[in-house]
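# Structural overview for review
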Amino acid sequence: MTSVPLVLGGREFPVPVVLAPMAGVTNAPFRTLCRRFGPGLVYVSEMVMAAALVHGNERTKKMVGFAPEEDFRSLQIYGSDPHFVGRAVTELCSKGLVDHIDMNFGCPAVKVTRKGGGAAVPVKRNLMRAIMASAVEAASPWGVPVTVKFRIGIDDDLVTFIETGLAAEQEGIAAVALHARTAEQHYAGEARWEAIAELKREVRTIPVLGNGDIWEAADALRMMRETGCDGVVVGRGCLGRPWLFEDLVAAFTGGDVPAPRDLGFVCRVMLDHAESLCSLMGHDHGIRNFRKHAGWYLTGYPVGADARRKFSMVSSIAELSRLCAELDPSLRIVEGGARLRRGHTNGPIKVVLPEGYLDSRDDLVVPDDNDVVALSGG
Ligand SMILES: Cc1cc2nc3c(=O)[nH]c(=O)nc-3n(C[C@H](O)[C@H](O)[C@H](O)COP(=O)(O)O)c2cc1C
């Protein structure tokens, strides 16, 4: 399939594939692992809070760390105050810490939307524009592109994605990404790719990226074909399967998509991943952080409940290595295993907005969401 390279801030990405920002997942070790399988793609960090960046929060500073081989450093920020967003972007760009900034306008978590952040931002269209403008103004002297990621809307009665895409285009945003679900849907049901097609028809001057339910490389090509989008954003499909990016590069460049990996291969990647988490976070924190990944790596492999339970409680690299040695390395993933849902799966949810939030969609009242310390992302 021939696709047009994705251009972001003067950098060309011949294979228009982006790793979705995922809180608690897309840290430097995970991005580096994915990048090794798919060099030359865009890999976005976990989201960090604009206000925390400005206040110099230690944990946030750590989250902004990139590995030396990350030659295109993409960071997602969350913020609903144009002032803080501008200051955070200036801080990041002036110190040369990033090459690309993505903004989160899609997080549906109650603790975020009830303060007017994340998925609630597009409802207040003027404030949203002010946030975009502030980020772009702060980033442009440094040549850093700003992109925006959002959902279809709050629910089927409050659909904002076209308006958001057009605003982005007018405010100098470099590309938009649509997670084709409403906030209410959360992660339930199928992503509605027809909304991506609709956005692509309306937004004519900047790339439109599609997101939602790309589990295998063929899904990405199908999304491009069916929606006309300019690139794809891949989230849960790569959880426990970072080699999906190798498959995607092959699919986009007309190569042969590698055969499904056997469990011996999976175990080698697991150990590698766990080791790099431990070196970043320290052994205990790293191995605890790895436990959820272990479950994802084993998804679709018929290893049995007992092995799964042991992996979910693994407490050292040595133990992980022993557990791997007990598995049959020739085991293959079951038919359809790559498509088994993981990461977030639930929905629909009740979206909570601040009181009186819908009385006017045009005011510029900045929500008081400084105490939202990020968590579960978008
Ligand atoms: C564990 C997890 C954390 C997430 N965190 C974020 C986040 O911080 N920012 C964001 O914009 N989206 C976040 N998302 C949403 C994904 O970026 C993506 O939009 C969503 O998973 C749909 O794509 P998929 O079907 O390919 O997974 C998160 C998703 C998961 C599963």
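To keep things clear, this report deals only with the structure shown in the data block. Quick caveat: nothing in here was measured; it's all calculated off a predicted structure.

Okay, the layout of surface pockets next. By volume, the second largest pocket is sized at about 270 Å³. Residues belonging to the lining of the second largest pocket are distributed by class as follows: 11 nonpolar, two polar and six charged.

Once that is clear, we can look at helix α12 (residues 283-298). With 16 residues, α12 extends 22 Å from end C-alpha to end C-alpha; this agrees with the ideal 22 Å at 1.5 Å per step. For α12, the principal kink sits at Arg 291 and spans about 35 degrees. Along α12, the positions that sit buried rather than exposed are Gly 286, Ile 287, Asn 289, Phe 290, His 293, Ala 294, Trp 296, Tyr 297 and Leu 298. On its buried face, α12 is in contact with α1 (28-37), α11 (263-281), α13 (305-312) and α14 (317-325). Positive backbone phi, approximately 90 degrees, marks Gly 300, located one or two places after α12.

Mapped onto the secondary structure, Glu 12 falls in strand β2 (residues 11-13). Take Glu 12: its relative accessible area is 52%, and that puts it in the exposed class. The sequence separation of Glu 12 and His 344 amounts to 332 residues, and the corresponding C-alpha distance is 31 Å. Apart from residues lying up to four places away in sequence, Glu 12 is in contact with Pro 5, Leu 6 and Val 7.

Attention now moves to the side chain of His 273. Tracing the backbone shows His 273 in helix α11. Given the relative accessible area of 1%, His 273 is considered buried. A distance of 2.7 Å separates a polar atom in the side chain of His 273 from a polar atom in the side chain of Tyr 297.

On to unusual backbone geometry. Cis peptide bonds are those with omega within 30 degrees of zero, and the linkage from Gly 347 to Pro 348 qualifies with -5 degrees. At His 186, a position not held by glycine, the phi torsion is positive, near 60 degrees. Summarising the element assignment, His 186 is placed in the loop between β10 (175-179) and α8 (193-202). A positive phi angle, close to 70 degrees, is found at Asp 213, a residue other than glycine. With respect to the element layout, Asp 213 can be found in the loop between β11 (208-211) and α9 (217-227). Among the residues examined, Asp 213 registers a relative accessible area of 9% and is labelled buried.

With respect to spatial proximity, 20 residues lie near the ligand, and among them Gln 76, Lys 149, Asn 211, Asp 213 and Arg 236 are the closest. At 3.2 Å, a side-chain N or O of Asn 104 approaches a nitrogen atom of the ligand. Lys 149 places a polar side-chain atom, nitrogen or oxygen, 2.8 Å from an oxygen atom of the ligand. Surface burial for the ligand is 98%, taken as the share of its 610 Å² of free accessible area covered by protein chains. Across the shell around the ligand, the residue classes tally to seven nonpolar, 10 polar and three charged.

So, about the nonpolar core. Membership of the largest hydrophobic core comes to 76 residues, with the highest contact counts inside it found for Ile 77, Val 232 and Phe 245. Here this core takes eight residues from helix α6 (residues 125-139), the largest share from any one element. Once residues within four sequence positions are removed from consideration, Ile 77 is found in contact with Val 48, Leu 53, Val 85, Val 89, Leu 92, Ile 101, Asp 102, Met 103 and Asn 104.

Here we come to the packing of aromatic side chains. Overall, the coordinates contain seven aromatic pairs when judged by the stated rule. Taking the centre distance of 5.2 Å and the plane angle of 75 degrees together, the rings of Tyr 43 and Phe 245 count as edge-to-face. Of the two residues, Tyr 43 is situated in strand β4 (residues 42-49) and Phe 245 in helix α10 (residues 244-252); the sequence distance between them amounts to 202 residues. There is no split in this pair, since Tyr 43 and Phe 245 are both buried. A centroid spacing of 5.4 Å and a plane angle of 80 degrees characterise the contact between Trp 243 and Phe 265, whose relative ring orientation is edge-to-face.

Glancing now at the pattern of salt bridges. Pairs can form between side chains of opposite charge whenever their charged atoms are close. Taken as a whole and assessed by the stated rule, the structure comprises 26 salt bridges. Across the pair Arg 125 and Asp 362 runs a salt bridge, and its minimum N-O distance is 2.8 Å. Within this pair, whereas Arg 125 is found in helix α6, its partner Asp 362 is found in the segment after α14, the two being separated by 237 residues in sequence. Exposure remark for Arg 125: the relative accessible area of 26% places this residue in the partly exposed category. A salt bridge links Arg 339 to Asp 219, with the shortest nitrogen-to-oxygen separation between them at 3.0 Å.

This part is about the sheet that holds β10. An order of β3-β4-β5-β6-β7-β10-β11-β12 is seen for the eight strands of this closed barrel, with the pairing classed as parallel. Taking each pair of neighbouring strands and ignoring which way they run, the sheet shows an average axis angle of 25 degrees. Sheet contacts for helix α7 (residues 161-170): β7 (146-151) and β10; angle to β7, the most-contacted strand, approximately 175 degrees. Sitting on the sheet, α8 touches β7, β10 and β11, and the angle it makes with β11 is about 175 degrees.

Space left empty within the atom packing is revealed by a probe, the size of a water molecule, rolled over the atoms. Within this structure, the stated rule accounts for three cavities of 30 Å³ or more. The computed volume of the largest cavity comes to approximately 110 Å³. Along the wall of the largest cavity there are 15 residues; nearest its centre are Val 18, Asp 102, Thr 147, Ala 177 and Leu 209. Elements supplying a minimum of two residues to the lining of the largest cavity: β4, β6 (100-105), β7 and β10. Its residues assigned to classes, the lining of the largest cavity shows 11 nonpolar, two polar and two charged.

What counts and what doesn't
Residues numbered from 1 in each chain as written. Predicted model: local features only at pLDDT ≥ 70, side-chain atom pairs only at ≥ 80, totals over all residues. Heavy atoms only, no water. 1 Å grid on protein atoms, 1.4 Å probe; cavity = no way out; pocket = protein on both sides within 12 Å on 5 of 7 lines; lining within 4 Å. Points joined across faces, edges and corners; volume = space filled by probe spheres on them. Nonpolar A, V, L, I, M, F, W, Y, C, P; charged D, E, K, R; others polar. Helix = DSSP H or I, 4+ residues; strand = E, 2+ residues; numbered from the N terminus. Expected span 1.5 Å × (residues − 1). Bend = angle between axes of the 7 residues up to and from the residue. Buried < 20%, exposed > 50% of the residue type's maximum accessible area, 1.4 Å probe, protein only. Contact = heavy atoms within 4.5 Å. Polar contact = N/O pair within 3.5 Å; in protein donor to acceptor, adjacent residues only side chain to side chain. Near = heavy atom within 4 Å. Areas by Shrake-Rupley, 256 points an atom, 1.4 Å probe, with all protein chains shown as cover. Core = buried A, V, L, I, M, F, W, Y, C linked by side-chain atoms within 4.5 Å. Phe/Tyr/Trp six-rings, centres within 6.5 Å; stacked < 30°, edge-to-face > 60°. Salt bridge = Lys/Arg side-chain N within 4 Å of Asp/Glu carboxyl O. Pairing = 2+ DSSP bridges. Axes fitted to C-alpha atoms, helices over the stretch in contact; angles between N-to-C directions.

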